[in-house]
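# Structural overview for review
So the chains spell out like this:
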Amino acid sequence: MSEEMFCFQCEQTAGGRGCMGRAGVCGKTSEVAMLQDELTSALIGLANNTDAGNPEVDSLVRRALFATLTNVDFDADSIRSLTAEVRKVSGGKGECPASSIWTAQEDIRSLKSLILFGIRGMAAYAYHAEVLGETSPAVDAMLYKALRAIGSDMGMDGLLPVVLGVGEANLECMAMLDRANTGTFGVPSPATVSRDVEPGPAIIVTGHDLEDLKAILEQTEGKGINVYTHGEMLPAHAYPELNKYPHLKGNFGTAWQNQKKEFEGVPAAVVFTTNCLMPPAESYRDRVFTSGPVAYPGTVHIGDGKDFTPAIEKALELGGFKEATSTGATFTTGFGHGFVLSVADKVIEAVKAGQIGHFFLVGGCDGAKPGRGYFREFVQNTPENTVVLTLACGKYRFNDLDLGTVAGLPRMMDMGQCNDAYGAIQVAVALANAFGCGVNDLPLSMVLSWYEQKAVCILLTLLHLGIKDIYLGPSLPAFVSSGVLDFLVQNFGIHAVGEPKADMDAMLG
Ligand code: SF4
Ligand code: SF3
C-alpha cells in the first residue's frame, strides 16, 4: 500500500471502500494523495515536538490541514511547500507515516480516521475565523492533541475520548466562526435571492469565504461587473454588509457537483474561495481563479494580498452575459439562529397550539451519487404541520421546492452554510430550554447528508452534545468499521438512511 495512494476520506470514495491506483474519484492524483499523506505525517511530527500557542505555527497547522480536505488543493507544489514549512518548525522529527493509519487494525484505523478527518474539517472553520481575526487556544490545542493521538499507539479506550473531544472543540470553533461572521458582516436576515442573470461582465464566487466575496465586491465597485454567488456562497446574500452592494446580484447555478456543467461556456470569471473545487475542464480552466487554501495546477491563484485584479480583468475581457435570462425562480436564505430565535415566542406558541408538530433538520454536504435523491423525496413528503430547517450545500437537493408556510413561518428555512450548524444547535438548545426538556426529547429529527470532512466534524459535535437518533446518508462512511459502528449505534442510535417514507414514519413515531 505504501507505493500506492489510499484515500477513503469522502463519501464518493471508490467502490465505497477506498480510492487507490493512479487517482481518486475526485480527480486527486496518486502523487498529490501521497504528498498529502506526507504532509499529515509531518504535521504529526510537528505536534509531537511542539504545542499550540505560537500564532504563526498554529496558522500553518490550520492551513496545512485545510489543504488536505476533499476538493481543495490538487497542486503538488503547494502541498510540497506546506510540508517544507511544517518540517522547518519540527526539524522533521517525531513523524509517523500516514500509511500506518491506513494499515492499522480496523477499529483503530476507524477511530484515527474519525479524528483526522474531523480535525481537517475543523481546521477549515478555524481558518475562516482566523481570516476574520478570531482564533481559539482551545481549538488549536485540540488540533495538536488530535495529531499526537493519530501518531500514537493508543487503543480504542484512549482514542474514543479524543474523537468526542474533536466534536467538543469543533462546537467552540463553529461558535467562534459565527461570532466572526456576524461581527464582520452583520446578523443575517431572510433574503429572497434571484436566480436571474443580467447582461454585462460577471464574476461568480463559490466556496465558503465571505471575506473573499467582500474583497471582490469592493474591488469591482464602479467597474460595471456583476457578482453572483454559487454553491455554499448562497447564504452571503443574507448578510447586511454583503448584500448592501448593488452589484451583488443573484445566485448562479446550484451545488458544487454540477460545476462542470454549469461553468462550461459561461462568459464569466469563476473564483473558488474554498471547497468544493473539481478539476476544471480545459475549456474553462482559464476562467477559474483560486484563493486561500484552494489550488489547481494551471489556474491563477490569488495570493495573500487578495488582489483579485486577474479575475476582474478576465471578467471584463470575456464581456459577460449578452442578455438577461429570467425564469422568475428564486431561493430563500438567511434564516439563521438570529432570525429563528427572534421569532422564538411565535414558534413555541405554534408548537404548544399543535400548529407545528415536528421539526426536521435536513442538510449537510451534497454529492453526485444517485442515492441523494433520498433527501428531496424526504422533504417533499414532510407533513404540512412540520418545519424543515436546512443548511450547507445539501439543500440544493430540494431548495427549489415551495413548501408554503406554517404558523406564519416558511416551512423551509435555510440557516446558511455548513458551519451554521452551530445556529441549528443554538435553536435546538433554546427550544429544549423553553420546553424544559433535553434536545433528544424535542419533536426534532436530524437527517444529515455527508460528503466531506466538514460533515465529519459537525457529526462529532452532535455526538459530543449527546444528540441521538441521527439519520445519516446517503451511505455510511467507508472509514467507520463494524466495531465503531456498533459503538455509535449502541450509544447514539445512529441510523443509516433507508426509505424516505419509512424513515419519516419512524421519526414521527
Ligand atoms: Fe477518493 Fe474522496 Fe479521497 Fe478524493 S477525497 S481520493 S474521492 S476518498
Ligand atoms: Fe458542500 Fe463541498 Fe460539504 Fe460547506 S461545498 S458543505 S460538500
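## A closer look at the sheet that holds strand S5 (residues 226–229)
Read from one edge of the open sheet, six strands run S6-S5-S4-S7-S8-S9, paired in parallel fashion. Pairing within the sheet leaves two strands with one partner each, and these edge strands are strand S6 (248–251) and strand S9 (300–302). Each adjacent strand pair in this sheet contributes to an overall mean axis angle of 30 degrees, direction not counted. Here strand S4 (residues 202–206) pairs with strand S7 (residues 269–272) via four bridges, running parallel. Paired with Ile 204 across the two strands is Val 270, which belongs to S7. Contacts from helix H8 (residues 210–220) reach S4, S5, S6, S7 and strand S8 (288–291), with the element oriented near 165 degrees to S5.

## A look at the pattern of salt bridges
Counted according to the given criterion, the structure contains 23 salt bridges. Between Glu 11 and Lys 369 there is a salt bridge whose closest N-O contact spans 3.3 Å. Here Lys 369 lies in the loop between strand S11 (358–364) and helix H15 (373–380) and Glu 11 lies in the loop between strand S1 (5–7) and strand S2 (19–21), a separation of 358 residues in the sequence. Take Glu 11: its relative accessible area is 3%, and that puts it in the buried class. Lys 369 sits in the partly exposed class, given a relative accessible area of 29%. A salt bridge links Lys 244 to Glu 241, with the nearest nitrogen and oxygen atoms 2.7 Å apart. Using a relative accessible area of 48% as the deciding quantity, one classes Lys 244 as partly exposed. A single salt-bridge network, built from bridges that share partners, covers Asp 286, Arg 287, Lys 314 and Glu 317.

## Describing the packing of aromatic side chains
In total, this model carries 22 aromatic pairs according to the counting rule given. A ring pair is formed by Phe 263 and Tyr 284, whose centres lie 6.4 Å apart and whose planes are at 75 degrees; its orientation type is edge-to-face. Of this pair, Phe 263 sits in helix H10 (residues 259–263) while Tyr 284 sits in helix H11 (residues 282–285); the two residues are 21 residues apart in sequence, bridging distant segments of the chain. In this structure, Phe 263 and Tyr 284 share a single accessibility class: buried. On the numbers, 5.2 Å between centres and 75 degrees between planes, the contact of Tyr 374 with Phe 375 is edge-to-face. Residue Tyr 374 shares its accessibility class with Phe 375, and that shared class is buried. Taken together, the ring pairs connect Phe 6, Phe 8, Trp 102, Phe 117, Trp 450 and Phe 479 into an aromatic cluster.

## What about helix H14 (residues 344–352)?
Looking only at H14, the buried set comprises Val 347, Ile 348, Ala 350 and Val 351. With its buried residues spanning 160 degrees around the axis, H14 presents them on a single face. Facing away from the buried side of H14 by more than 90 degrees, the exposed set consists of Asp 345 and Lys 352. Check the buried side of H14 and you find it contacts S11, strand S14 (409–410) and helix H16 (421–435). Gly 354, located one to two residues past H14, shows a positive phi value of around 80 degrees.

## Quick notes on the domain arrangement of the chain
According to the domain assignment, the chain consists of domain 1 (5–184), domain 2 (191–318) and domain 3 (335–508). The distance between the C-alpha centroids of domain 1 and domain 2 comes to 27 Å. Contacts between domain 1 and domain 2 engage 18 residues on the former and 18 residues on the latter. Taking both partners together, domain 1 and domain 2 bury about 1500 Å²; carbon and sulfur atoms supply 63% of that area. For the pair domain 1 and domain 2, the interface holds zero salt bridges. Taken together, domain 1 and domain 2 are joined by three residue pairs in polar contact (both at pLDDT 80 or more). Secondary structure elements with two or more residues in the side of domain 1 that touches domain 2: helix H5 (106–131) and helix H7 (156–185).

## Description of the site of ligand 2
The environment of ligand 2 is made up of His 208, Glu 232, Trp 256, Asn 275, Cys 276, Cys 365, Asp 366, Cys 393, Cys 418, Tyr 451 and Glu 452. Here the residues of the shell around ligand 2 sort into six nonpolar, two polar and three charged.

## Quick notes on the site of ligand 1
Neighbouring residues of ligand 1: 13 residues in total, closest Cys 7, Cys 10, Cys 19, Cys 26 and Thr 70. Per-class residue counts for the shell around ligand 1 are seven nonpolar, five polar and one charged.

## So, the nonpolar core
Among the nonpolar cores identified, the biggest contains 119 residues, and Val 61, Ile 119 and Met 122 are the most heavily contacted of them. With near-sequence residues (within four places) excluded, Ile 119 lies in contact with Leu 65, Leu 143, Ala 146, Leu 147, Ile 150 and Val 166. Residues Leu 242, Phe 308, Ala 311 and Ile 312 belong to the second largest nonpolar core, which totals 26 residues.

## A look at the packing of H5 against helix H6 (residues 137–150)
Contact geometry for H5 and H6: axes closest at 10 Å, N-to-C directions at 155 degrees. Relative to H6, the element H5 lies roughly antiparallel. Every pair of crossing elements has a handedness; the one defined by H5 and H6 is left-handed. Contact residues: Lys 112, Ile 115, Leu 116, Ile 119, Met 122 and Ala 126 in H5; Val 139, Met 142, Leu 143, Ala 146, Leu 147, Ala 149 and Ile 150 in H6. Tallied by class, the residues present in the contact of H5 with H6 amount to twelve nonpolar, no polar and one charged.

## Things to note about helix H3 (residues 76–90)
Spanning 15 residues, H3 covers 21 Å between terminal C-alpha atoms, matching the ideal 21 Å at 1.5 Å per step. Residues of H3 that are buried sit in contact with helix H1 (30–49) and helix H2 (55–67). Immediately beyond the C-terminal end of H3, within one or two residues, lies Gly 91, with a positive phi of roughly 70 degrees.

## Some points on the environment of Met 413
Locating Met 413 in the fold gives a position in strand S15 (residues 412–414). With residues up to four places along the chain from it excluded, the contact list for Met 413 reads Phe 335, Phe 339, Val 340, Val 387, Val 388, Leu 389 and Thr 390.

## Looking at the sheet that holds S11
Reading across from one edge, S15-S12-S11-S16-S17-S18 is the order of the six strands in this open sheet, with parallel pairing throughout. This sheet does not close on itself; its edge strands, each paired only once, are S15 and strand S18 (495–496). Both strand S16 (residues 444–449) and strand S17 (residues 471–473) contribute to a ladder of three bridges, which runs parallel. Pairing of Leu 448 across the sheet is with Leu 472, part of S17.

How each quantity is defined
Residues numbered from 1 in each chain as written. Chains lettered and ligands numbered in written order. Predicted model: local features only at pLDDT ≥ 70, side-chain atom pairs only at ≥ 80, totals over all residues. Heavy atoms only, no water. Pairing = 2+ DSSP bridges. Helix = DSSP H or I, 4+ residues; strand = E, 2+ residues; numbered from the N terminus. Axes fitted to C-alpha atoms, helices over the stretch in contact; angles between N-to-C directions. Contact = heavy atoms within 4.5 Å. Salt bridge = Lys/Arg side-chain N within 4 Å of Asp/Glu carboxyl O. Buried < 20%, exposed > 50% of the residue type's maximum accessible area, 1.4 Å probe, protein only. Phe/Tyr/Trp six-rings, centres within 6.5 Å; stacked < 30°, edge-to-face > 60°. Arc of directions from axis to C-beta. Domains from an automatic or database assignment. Buried area = accessible area lost by both parts, 1.4 Å probe. Polar contact = N/O pair within 3.5 Å; in protein donor to acceptor, adjacent residues only side chain to side chain. Near = heavy atom within 4 Å. Nonpolar A, V, L, I, M, F, W, Y, C, P; charged D, E, K, R; others polar. Core = buried A, V, L, I, M, F, W, Y, C linked by side-chain atoms within 4.5 Å. Parallel < 35°, antiparallel > 145°, perpendicular 65-115°, else oblique. Left-handed = near helix turned anticlockwise from the far one by under 90°. Expected span 1.5 Å × (residues − 1).

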